[in-house]
Amino acid sequence: MSGSWTGTGSLLRLALRRDRILLPSIVGGLALLVIASAQATIALYPDTDPQRLARDVAGVAGNPAFLAMYGPLADPPTLDAFAVFKTVVMGGVFLAIAVVAIVRRHTRTEEEEGRFELLGAGVVGRRAPLLAACLMAMGMVAVTCLICAAGLAGLGMDPTGTLAFALDWAALGLVMTAVTAVAAQLTATARGCTTIALGVLGVSFGLRAAGDAVEGAGALSWLSPLGWMLKVQPYGQNRFWVLAIPVTVAVVLFAVAARLLERRDLGAGLVAERPGPAAAGRWLGSALGLAWRLQRGSLLVWTVALLLVGVLIGSLAGSVASMLDDPATQDLLRRMSGSEVPDLTSLFLAAEFTFISLAVAGYGIAATLRLRGEERDLHTEPVLATATSRWIFLGSHLLIALLGSTWLLLVLGAVVGTMRGLATGDLAGQLPTLIGAALAPLPAVWVCVGLTTLIFGLVPRWTSGAWILLVLFLVVGEFGSLLGLPAWLQEVSPFAHLPSLPGGSVTALPLIALAAAATVAVSTGSGGFRRRDVG
Amino acid sequence: MGSPAHPIEIEGLRKRFGATIALDGLDLTVRQGEVHGFLGPNGSGKSTTIRILLGLLRGDGGVARLFGGDPWARAETLHRRLAYVPGEVTLWPNLTGGEVIDLLARLRGGVNPTTRARLLDRFELDPTKKGRSYSKGNRQKVALVAALASDAELLILDEPTSGLDPLMERVFQQCIEEIRDQGRTVLLSSHILSEVEQLCDRVSIIRAGRTVRSGSLDELRELTRTSVQAVLERAPSPAELDGVTGVHELRAEGTRVAMTVDAAHLGSVLAVLGSHGIRSLTSQPPSLEELFVHSYDRAGRTGHDARHEVAP
Ligand SMILES: Nc1ncnc2c1ncn2[C@@H]1O[C@H](COP(=O)(O)OP(=O)(O)OP(=O)(O)O)[C@@H](O)[C@H]1O
Ligand SMILES: [Mg+2]
């Protein structure tokens, strides 16, 4: 029995060595985000002006857009609670994604690439890789929480609340580690593992967004790991007992993962491989057909996800107006939006569409990175040894990235438009308007696809840099003004140049500039790929 | 330019990866209708040469011509005329073997259903399995069937039989013989000497990115020395034999002598030995294995016979 754990230590050391740059970057980035945004918030509200805090808190507390994104403010709404309002959930999502990436990287990816077979023949126990990966993820979470706690305490924030915040994040990290551990046993591919784990995260976000923002749906938040975090209410009631839920769930999931691990073969998933067709169908006869075959599954998953998100937003939008009767709140929201916005529902929808377009940009990047995946897995070589040119190989995946992201935003706009149209009795007006509004961020999404192509064509080794860019765009968009980042840095993000739709006015120039930037990036990247070695 | 170009012509090809020099002036000519063996120790640059020929890598210097054209600039058009088995076969995990075979064939321009069915049968390959559930040998068979099922005039095969069992190895050899009988051309990179001996009309041996030998097997054999052992009636003085041209590695103990002799001088050496009265004599022509070990091991190191090339 003890034999199945042997070798965990050496695996852990190996993994730490491999990730010696990645880990400190994640920990440092997350800690910086939490501490810097808390500090910036506290600096906004000097003790001399208590009314201002009360007013802003009231504005935030009632706004369904904020409720859906960040959840409710802790009760009582202290300045400290306000200082971590955005980071509890949003930072938590980043933390969760990092945990998924680390656990997957050291379990399923290794196994898929056959490296465990080399190790497995040595003195490494059957459970050791999974244990090492989980310990590594938990270690990362623990260090992050410690640094954040030290920083927040250093800002003079309430010690009990700081403890609650740190434990809150640690509990989320624990649950997501356990979720990924199970996901890694269920499928035979690293991709499948990510889909399951991030799917759980997405559903958690959706459940708590609905629970927090839709009246009468509050129970849903209790089904979500992200919801549990908010129920703890750090810097408010500091309800530590809520943490028992994520800890229990994690223990159960770890036990499940261990059981599953016993029951499957190395390299396999739980679901046995079924035989497939003996000959290729009509569609599988061109580079595009192959790219579609490889990518259609993930487009389907994304389509379902955006359908659900669309339903969520469509139903939230209805309650926006009714929940915001208070004139003071309406006034605050107008001031915060800066520009002239005719109604709050539009403001809400515009904010959601922009935010979701960042996720769709994530799809676009992932779809484009298939190019690199195919190249690294040596699948490109036999394809390019046929009459398929490099342009066609590149174009096939690129087309799916560009059209796929368009399709996803179209689905979003159509669902929200239909729901709003039915609710207002103006389907003919709402549907086209909201489809247009949902598609408005497309040029920014395409810029992300273009930048990914550029990296792939010129410096293929750095393709994961595309994700760093997306995180940068997300952080400057979400936290840029709060952190007081310089204007030029905030405007680096293509998403900073989008019109506020529906409701806002459209100027063509920024959109044309974005489309032009995307075109230049794509053609430079393609040219680079045409000229470089493959492999 | 009068005669049609050879399917493959490479002269002085160079390629480096950062600090590693992978190809250092490599020459290779494959003539129409021959099966050409491409041999060399691990890391000598065989796969790199093939990748440059396919336009996947760009050579740093020298000339590589595929059907007389530039493989880098005209890759797609030239590729319609060839089929390729990569040195490292990886299949798409969620495509079946049958799908991969059809896909690659269609990307090249079409599949011949009769040949495909016959090959699946001969290689005993189940086309309904998904890529990730094939064993190593069966993955290799998928790539082989995909290439052999085509009517391409040139086959470029990079260690095509690695992982195949001896029975399948035999099936492969039969297939290549049929292809040769059809007058098609094959470039075969291989470490399996019996396979090379069985199939190849000519071979090129490379080492550290350079061609060290090239020619038919018989020609190459002549370049290597025959080992000769003899017991003589009168013990010769070492100087007597050492001076004879073509004698190497001489060991003499009394009337017992052993040496290696250049094939070209065998006659004159035997005459010298005969003048001492031969009691017994054994002479062994070099085995293919000796030939290769000799080339792999020594060619690059000793200046002596490093560039024994036979003009094509
Ligand atoms: N993409 C690359 N980057 C860096 N070095 C490379 C790359 N590809 C090949 N090399 C190096 O070039 C040299 C030749 O490699 P190549 O794969 O052509 O050898 P090979 O003759 O096919 O060997 P084997 O018999 O083992 O297949 C080796 O030293 C190898 O390490
Ligand atoms: Mg090789």
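The rules behind each value
Residues numbered from 1 in each chain as written. Chains lettered and ligands numbered in written order. Predicted model: local features only at pLDDT ≥ 70, side-chain atom pairs only at ≥ 80, totals over all residues. Heavy atoms only, no water. Helix = DSSP H or I, 4+ residues; strand = E, 2+ residues; numbered from the N terminus. Rg over C-alpha atoms; globule rule 2.2 N^0.38 Å. Buried < 20%, exposed > 50% of the residue type's maximum accessible area, 1.4 Å probe, protein only. Contact = heavy atoms within 4.5 Å. Lys, Arg positive; Asp, Glu negative; His and termini not counted. Charge placed at Lys NZ, Arg CZ, Asp CG, Glu CD. Expected span 1.5 Å × (residues − 1). Arc of directions from axis to C-beta. Domains from an automatic or database assignment. Buried area = accessible area lost by both parts, 1.4 Å probe. Salt bridge = Lys/Arg side-chain N within 4 Å of Asp/Glu carboxyl O. Polar contact = N/O pair within 3.5 Å; in protein donor to acceptor, adjacent residues only side chain to side chain. Nonpolar A, V, L, I, M, F, W, Y, C, P; charged D, E, K, R; others polar. Phe/Tyr/Trp six-rings, centres within 6.5 Å; stacked < 30°, edge-to-face > 60°. Lys NZ or Arg CZ within 6 Å of the ring centre and 35° of its normal. Axes fitted to C-alpha atoms, helices over the stretch in contact; angles between N-to-C directions. Left-handed = near helix turned anticlockwise from the far one by under 90°. Patch = residues over 30% accessible without salt bridge, like charges linked within 9 Å, V, L, I, M, F, W, Y side chains within 5 Å. Areas by Shrake-Rupley, 256 points an atom, 1.4 Å probe, with all protein chains shown as cover. Pairing = 2+ DSSP bridges.

1. Thoughts on the overall build of chain A
Reasoning step 1: Within chain A one finds 23 helices and zero strands.
Reasoning step 2: For chain A, whose C-alpha radius of gyration is 24 Å, the value lies close to the compact-globule estimate of 24 Å for 535 residues.
Reasoning step 3: On the principal axes, the C-alpha backbone points of chain A span a range of 65 × 55 × 40 Å.
Reasoning step 4: Taken across its 535 residues, chain A has 53% of its residues classed as buried.
Reasoning step 5: Sequence separation of at least 24 residues holds for 78% of the intrachain contacts in chain A that already meet a minimum separation of 6.
Reasoning step 6: Between the averaged position of the 35 positive side-chain charges in chain A and that of its 32 negative side-chain charges there is a distance of 11 Å.

2. A few points about helix α18 (residues 390–424) of chain A
Reasoning step 1: For α18 of chain A, with 35 residues, the first-to-last C-alpha span of 50 Å sits near the 51 Å given by 1.5 Å per residue.
Reasoning step 2: Among the residues trailing α18 of chain A, G425 of chain A stands out with phi positive, at a value near 75 degrees.

3. Describing helix α4 (residues 113–122) of chain B
Side chains three or four residues apart in an α-helix point the same way, a direct result of the helix having 3.6 residues per turn.
All names here are of chain B.
Reasoning step 1: Turning to α4, its buried residues number three or more, namely T115, R116, L119, L120 and R122. For α4, the buried positions fall inside an angular range of 165 degrees around the axis, keeping them on one side. Away from its buried face, by an angle of more than 90 degrees, α4 presents the exposed residues P113, T114 and D121.
Reasoning step 2: Those residues of α4 hidden inside the fold are in contact with α3 (97–108), α5 (136–148) and α6 (166–181).
Reasoning step 3: Immediately beyond the C-terminal end of α4, within one or two residues, lies E124, with a positive phi of roughly 50 degrees.

4. Looking at the domain arrangement of chain A
All names here are of chain A.
Reasoning step 1: Split by domain assignment, chain A resolves into domain 1 (1–271) and domain 2 (284–535).
Reasoning step 2: Centre-to-centre separation of domain 1 and domain 2, based on C-alpha positions: 25 Å.
Reasoning step 3: The interface is formed by 31 residues belonging to domain 1 together with 22 residues belonging to domain 2.
Reasoning step 4: For the pair domain 1 and domain 2, the two sides together bury roughly 2200 Å², of which 76% comes from carbon and sulfur.
Reasoning step 5: Its largest share of buried area at the contact with domain 2, domain 1 owes to P64, M69 and F94, together 20% of the area lost on that side.
Reasoning step 6: Scanning the region where domain 1 abuts domain 2 turns up zero salt bridges.
Reasoning step 7: If you look at where domain 1 meets domain 2, you find two residue pairs in polar contact (both at pLDDT 80 or more).
Reasoning step 8: Put simply, the parts of the chain that give the side of domain 1 that touches domain 2 at least two residues each are α2 (22–44), α3 (50–62), α4 (64–70), α6 (85–106) and α11 (190–213).
Reasoning step 9: Here the element with the most residues in the side of domain 1 that touches domain 2 is α4; it accounts for seven residues.
Reasoning step 10: For the side of domain 1 that touches domain 2, the per-class residue count stands at 18 nonpolar, eight polar and five charged.

5. Observations concerning the interface of chain B and chain A
Reasoning step 1: Facing 38 residues of chain B, the contacting portion of chain A comprises 38 residues.
Reasoning step 2: Put simply, chain B and chain A have three salt bridges between them.
Reasoning step 3: Residue D533 of chain A is joined to K15 of chain B by a salt bridge in which the shortest nitrogen-to-oxygen separation is 2.6 Å.
Reasoning step 4: Looking at the side of chain B that touches chain A, the elements that each hand over two or more residues are β1 (8–17), α2 (75–79), β5 (82–85) and α3 of chain B.
Reasoning step 5: In terms of residues, the side of chain B that touches chain A owes the most to one element, α3 of chain B, which gives eight residues.
Reasoning step 6: Split by residue class, the side of chain B that touches chain A holds 17 nonpolar, eight polar and 13 charged.

6. Quick word on the domain arrangement of chain B
Put simply, an interface is often sized by how much accessible area is lost when its parts join up.
Reasoning step 1: Per the domain assignment, the segments of chain B are domain 1 (8–220) and domain 2 (225–284).
Reasoning step 2: If you average the C-alpha positions of domain 1 of chain B and of domain 2 of chain B, the two centres end up 44 Å apart.

7. What about the packing of aromatic side chains?
Residues and elements named next belong to chain A.
Reasoning step 1: Going through the model one piece at a time under the given rule, you end up with nine aromatic pairs over all chains.
Reasoning step 2: Measuring from centroid to centroid gives 6.4 Å for F473 and F495, while their planes differ by 55 degrees, and the two rings are tilted. A residue pair is termed long-range when its members are at least 10 positions apart, and F473 in helix α21 (residues 465–479) and F495 in the loop between α22 (487–492) and α23 (508–531) qualify at 22 residues. With respect to class, F473 is no different from F495; both count as buried.
Reasoning step 3: The rings of Y45, Y70, F82 and F85 are connected pair by pair, giving a single aromatic cluster.
Reasoning step 4: One cation-aromatic arrangement involves R208 over F205; the distance from NZ or CZ to the ring centre is 5.0 Å.
Reasoning step 5: Directly above the ring of F456 sits R532, whose terminal nitrogen or CZ lies 4.8 Å from the centroid.

8. Quick word on the packing of α3 of chain B against α5 of chain B
All names here are of chain B.
Reasoning step 1: Interaxial distance between α3 and α5 falls to 9 Å at its minimum, and their mutual angle equals 35 degrees. Here α3 runs over α5; the crossing is right-handed. Between α3, through G97, V100, I101, L104 and R108, and α5, the contact on the second element is made entirely by V142, V145 and A146.

9. Considering unusual backbone geometry
Reasoning step 1: A cis geometry characterises the amide bond from D75 of chain A onward to P76 of chain A, with omega recorded as -5 degrees.
Reasoning step 2: Tracing the backbone through its elements, the reader meets P76 of chain A in the loop between α4 and α5 (79–83).
Reasoning step 3: Cis geometry marks the peptide bond from L501 of chain A to P502 of chain A, where omega comes out at 5 degrees.
Reasoning step 4: Relative to the helices and strands, P502 of chain A is located in the loop between α22 and α23.
Reasoning step 5: Phi is positive for Q233 of chain A, close to 55 degrees, though the residue is something other than glycine.
Reasoning step 6: When you line up the elements, Q233 of chain A lands in the loop between α12 (225–232) and α13 (244–263).
Reasoning step 7: Its identity as a non-glycine residue notwithstanding, E249 of chain B has a phi of 50 degrees, on the positive side.

10. Some points on a nonpolar patch on the surface
All names here are of chain A.
Reasoning step 1: Among the surface-exposed residues, V143, L146 and I147 lie close enough to one another that they form a single nonpolar patch of about 270 Å² accessible area.
Reasoning step 2: Within the fold, L146 resides in helix α9 (residues 128–154).
Reasoning step 3: Looking at L146, the relative accessible area reads 61%, which means it is exposed.

11. Some remarks on the sheet that holds strand β12 (residues 256–262) of chain B
Residue and element names in this part refer to chain B.
Reasoning step 1: Strand order in the open sheet formed by four strands is β11-β12-β10-β13, with antiparallel pairing between adjacent strands. At either end of the open sheet lies a strand with only one pairing partner, and these are β11 (247–253) and β13 (278–284). When the angles between neighbouring strand axes are averaged without regard to direction, this sheet yields 15 degrees.
Reasoning step 2: Across the sheet, helix α10 (residues 266–274) touches β10 (225–232), β11, β12 and β13, and the angle it forms with β12 is around 160 degrees.

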